[in-house]
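Examining the three-dimensional arrangement
So you can see what is in the structure, the chains are spelled out below.
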Amino acid sequence: LINGSFLVNFFLKEDETSRAQTEGSIFYKIYSLFRNILSAVFSFFRLDKIFAGSIYKNTFIWASLTALMAPILPTKLMIVLSLAGFGSLLLALGCDREKNLRFSPVNKFIYIYAAVYFISILTSVDMKGSLFGGMLTVFFVLFAIVMENAIESKIQIKVLMFLLSGVGVLVSLYGFYQFMFPGKFGGVWVDTDMFASINFRVYSTLENPNVLGEYFLLVIPLAVAGFFISKNWLLKLYYMGCTGVMMVCLVLTYSRGCYIGILVAAAVFLVLLDRRFIILGILGLCALPFILPETIIQRFMSIGNMNDSSTSYRVYIWLGTISMLKDYWLSGIGPGQSAYNKVYPFYGYNGISAPHAHNTFLQIMCDAGIMGIITFMLIVYQYIKNLFISYLGEKDFEAKVLSISAMSSFMAFMVQSMFDYTFYNYRVMLLFWIFVGMGVVFTQYSSLKD
């Protein structure tokens with residue numbers, strides 16, 4: 001009955017005409033014109049000969065370096081690395097007339113979303129204050145296209161998975177160091193009256209425990225996928241170790257939203273991998289209260305408790321933001337903390353001030369209005385649809401597992417996005433769009449070179 005329903009069949013229907021529609025659009029014709037001019041310029045000045053075999057046009061190196069360094073380097077340096085990635089892709093397109101951007105139905109929504117954010121800067125209540133954050137958002141959103149076109153072979157995916165998992169371990173080890181020597185580090189993100197047993201929440205290189213948890217929501221499913229697709233037992237042990245280390249560090253963030261997110265990721269991953277895991281998962285959930293430390297159980301039990309200052313703080317901010325959006329739903333107020341702080345105080349409850357809405361979906365609507373949130377939800381819909389179609393249609397086990405991992409990390413991140421503004425940290429925002437680009441490549445895994 002479910003498999004035969006209209007909604008399910010509509011969701012699973014491939015976009016057969018979208019490529020033809022895309023290639024017939026005015027935007028594709030503008031791109032083709034730009035592409036031809038770029039190739040002509042490179043050919044005229046012999047730049048294609050100068051850069052032949054150059055490392056500068058190897059987009060995979062620069063895009064991968066951006067992905068690996070995002071949790072470690074500050075935002076300004078990540079802008080430089082991202083620019084190198086964009087420049088490398090332009091060089092590759094200019095030097096090779098046969099190279100074209102990879103097609104995916106989700107791409108058009110990524111371009112529209114970036115355009116909507118750019119327009120939101122111009123309509124901001126504080127255009128000067130919105131300029132940096134808005135342009136950075138546009139820039140990092142479009143990096144999904146760079147990442148998508150950087151990966152050209154299966155071995156590149158496996159190398160990137162290996163390195164991303166390794167960097168996750170390095171980030172975790174620094175988190176463990178913070179946990180062992182909390183006196184050397186500042187930061188209080190816990191209601192000490194309610195959680196007296198929690199002395200410190202680790203944040204490693206990402207400045208905030210919730211942000212660190214969001215990073216792990218993206219990387220951990222990828223490491224688990226590495227375990228399942230690896231044929232070498234040493235690699236399996238490596239990915240198992242990476243997953244274990246990152247999971248422990250995720251626990252030490254004490255981020256309740258990320259706890260729920262990783263449980264959702266595990267449920268999606270295991271159920272899609274093998275339905276028999278449903279029974280194992282139910283048994284595991286029943287066993288959790290008996291094996292988890294008391295501090296973790298307390299954090300879970302406090303979800304929705306208005307006596308917790310963190311919970312009540314978020315609820316009041318959500319109410320104030322919704323009240324504000326009744327007046328600014330059409331165009332939003334503009335990206336960035338400056339614009340938010342200029343308007344939100346007039347709508348805030350109980351005199352509570354806040355840098356953002358503590359909910360990604362509300363914040364996107366604040367930034368870019370109704371068109372911003374509609375376009376973002378279209379990205380979510382199309383991305384999950386493409387991954388699910390790939391999962392059902394692929395016969396290759398590796399391709400299935402990679403599609404499952406991308407769905408798992410994406411859904412986990414969306415769950416946390418309901419409890420926090422997950423794009424507040426620009427480096428995590430960049431990583432999110434990098435993983436979106438990787439997910440698009442996963443849907444075309446079988447067509448890649450070995």
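Structure: see above.
Sequence order as written defines residue numbering, which begins from 1 separately in each chain. Note on the predicted model: pLDDT of at least 70 is required for a residue's local features to be given, and 80 or more for side-chain atom pairs to be given and counted; whole-chain, interface and lining totals, by contrast, use all residues. Water and hydrogen atoms were dropped before computing side-chain values, which therefore reflect all heavy atoms in the structure.

1. Remarks on the packing of aromatic side chains
Both the distance between ring centres and the angle between the ring planes are used here to describe each pair of aromatic rings. Aromatic pairing here means that ring centres of Phe, Tyr or Trp (its six-membered ring) are within 6.5 Å. Orientation follows from the plane angle: under 30 degrees is stacked, over 60 is edge-to-face, and everything else is tilted. Here the structure, examined in full by the defined rule, presents 31 aromatic pairs. Ring centres of Tyr113 and Phe376 lie 5.7 Å apart, and the angle between their planes is 45°; on these two criteria the pair is classed as tilted. One end of the pair, Tyr113, is in helix H7 (residues 107–122); the other, Phe376, is in helix H17 (residues 360–393), with 263 residues separating them in the sequence. Residue Tyr113 shares its accessibility class with Phe376, and that shared class is buried. Taken together, a centroid distance of 6.0 Å and an interplanar angle of 35° make the contact between Phe139 and Phe140 tilted. Note on accessibility: Phe139 and Phe140 belong to one class, buried. Among the aromatic side chains, those forming a connected cluster through ring pairs are Tyr113, Tyr117, Phe361, Phe376, Tyr383, Phe410, Phe413, Tyr421, Phe423, Phe432 and Trp433. In this structure, Lys184 packs its charged tip against the face of Phe181, placed 5.0 Å from the ring centre. Here a helix means four or more residues in a row that DSSP labels H or I, a strand means two or more in a row labelled E, and each is numbered from the N terminus. Burial classification: accessible surface area is computed with a 1.4 Å probe over protein chains only, and a residue below 20% of its type maximum counts as buried, one above 50% as exposed, and the rest as partly exposed. Either the NZ atom of lysine or the CZ atom of arginine qualifies as a charge over a ring when it sits within 6 Å of the ring centre and within 35 degrees of the ring normal.

2. Re the packing of H17 against helix H19 (residues 426–442)
Axis lines are fitted to C-alpha atoms, over the contacting stretch for helices. Their N-to-C directions set the angle, which ranges from 0 to 180 degrees. Between H17 and H19, the least distance of the axes is 9 Å, while the angle of their chain directions is 35°. In this structure, H17 crosses over H19, and the sense of that crossing is left-handed. Residues Phe376, Ile379, Tyr383, Leu387 and Ser390 of H17 pack against Phe432, Trp433, Phe435, Val436, Gly439, Val440 and Phe442 of H19. Side-chain classes follow a simple rule in which Ala, Val, Leu, Ile, Met, Phe, Trp, Tyr, Cys and Pro form the nonpolar group, Asp, Glu, Lys and Arg form the charged group, and the remainder, Gly included, forms the polar group. By residue class, the composition of the contact of H17 with H19 is ten nonpolar, two polar and no charged. Note on convention: the crossing is left-handed when the near helix lies turned anticlockwise from the far helix by less than a right angle, right-handed when the turn is clockwise. Contact between two residues is taken to exist if any of their heavy atoms lie within 4.5 Å; hydrogens are not considered.

3. Remarks on unusual backbone geometry
Even without glycine at this site, Arg46 takes up a positive phi of about 60°. If you trace the backbone, Arg46 turns up in the loop between helix H3 (26–44) and helix H4 (47–50).

4. A closer look at the packing of helix H10 (residues 209–229) against H19
Here H10 crosses H19 at 15°, and the two axes come no closer than 10 Å. Taken together, H10 and H19 sit at an angle that is classed as roughly parallel. Handedness of the H10/H19 crossing: left-handed. Two secondary-structure elements touch here, H10 through Val211, Glu214, Tyr215, Leu218, Val219 and Leu222 and H19 through Val428, Leu431, Phe432, Phe435, Met438 and Phe442. For this classification, under 35 degrees means roughly parallel, over 145 means roughly antiparallel, 65 to 115 means roughly perpendicular, and everything else is oblique.

5. Thoughts on the environment of Leu319
Here Leu319 is to be found in helix H15 (residues 309–328). Along the backbone, Leu319 and Gly348 are 29 residues apart, and their C-alpha atoms lie at a distance of 7.8 Å.

6. Examining the nonpolar core
In this structure, Phe423, Phe432 and Trp433 are the most contacted members of the largest nonpolar core, which totals 125 residues. In this structure Phe423 touches Tyr113, Thr360, Ile364, Phe376, Phe413, Met429, Phe432 and Trp433, once residues within four positions along its chain are discounted. To define a nonpolar core, start from buried Ala, Val, Leu, Ile, Met, Phe, Trp, Tyr and Cys residues and group those joined through side-chain atoms within 4.5 Å.

7. Quick word on a nonpolar patch on the surface
The patches reported here contain residues having more than 30% relative accessible area and no salt bridge. Joining distances are 9 Å for like charges and 5 Å for nonpolar side chains (Val, Leu, Ile, Met, Phe, Trp, Tyr). Here the open area of atoms and residues is found with the Shrake-Rupley method and a 1.4 Å probe, where only the protein chains shown may cover a residue. One speaks of a salt bridge when a side-chain nitrogen belonging to Lys or Arg is within 4 Å of a carboxyl oxygen belonging to Asp or Glu. A cluster of nonpolar side chains, Phe118, Ile119, Leu122, Met127, Leu131 and Met135, forms an exposed patch at the surface whose accessible area comes to about 570 Å². Contributions of two or more residues to the nonpolar patch are made by H7 and helix H8 (127–150). Following the sequence through the fold, Met127 ends up in helix H8. Met127 sits in the partly exposed class, given a relative accessible area of 46%.

8. As for the pattern of salt bridges
In a structure, side chains of opposite charge can pair up when their charged atoms sit close to one another. Within the structure shown, the criterion is met by six salt bridges. A salt bridge links Lys231 to Glu398; the nearest nitrogen and oxygen atoms lie 2.9 Å apart. On the criterion of sequence distance, the pair formed by Lys231 in the loop between H10 and helix H11 (233–252) and Glu398 in helix H18 (residues 397–417) is long-range, its members being 167 residues apart. Overall, the relative accessible area of 69% leaves Lys231 in the exposed class. Given the relative accessible area of 10%, Glu398 is considered buried. Here Asp420 makes a salt bridge to Arg314, at a shortest N to O gap of 3.9 Å. Highlighted residues: Asp420 in the loop between H18 and H19 and Arg314 in helix H15, separated in sequence by 106 residues.

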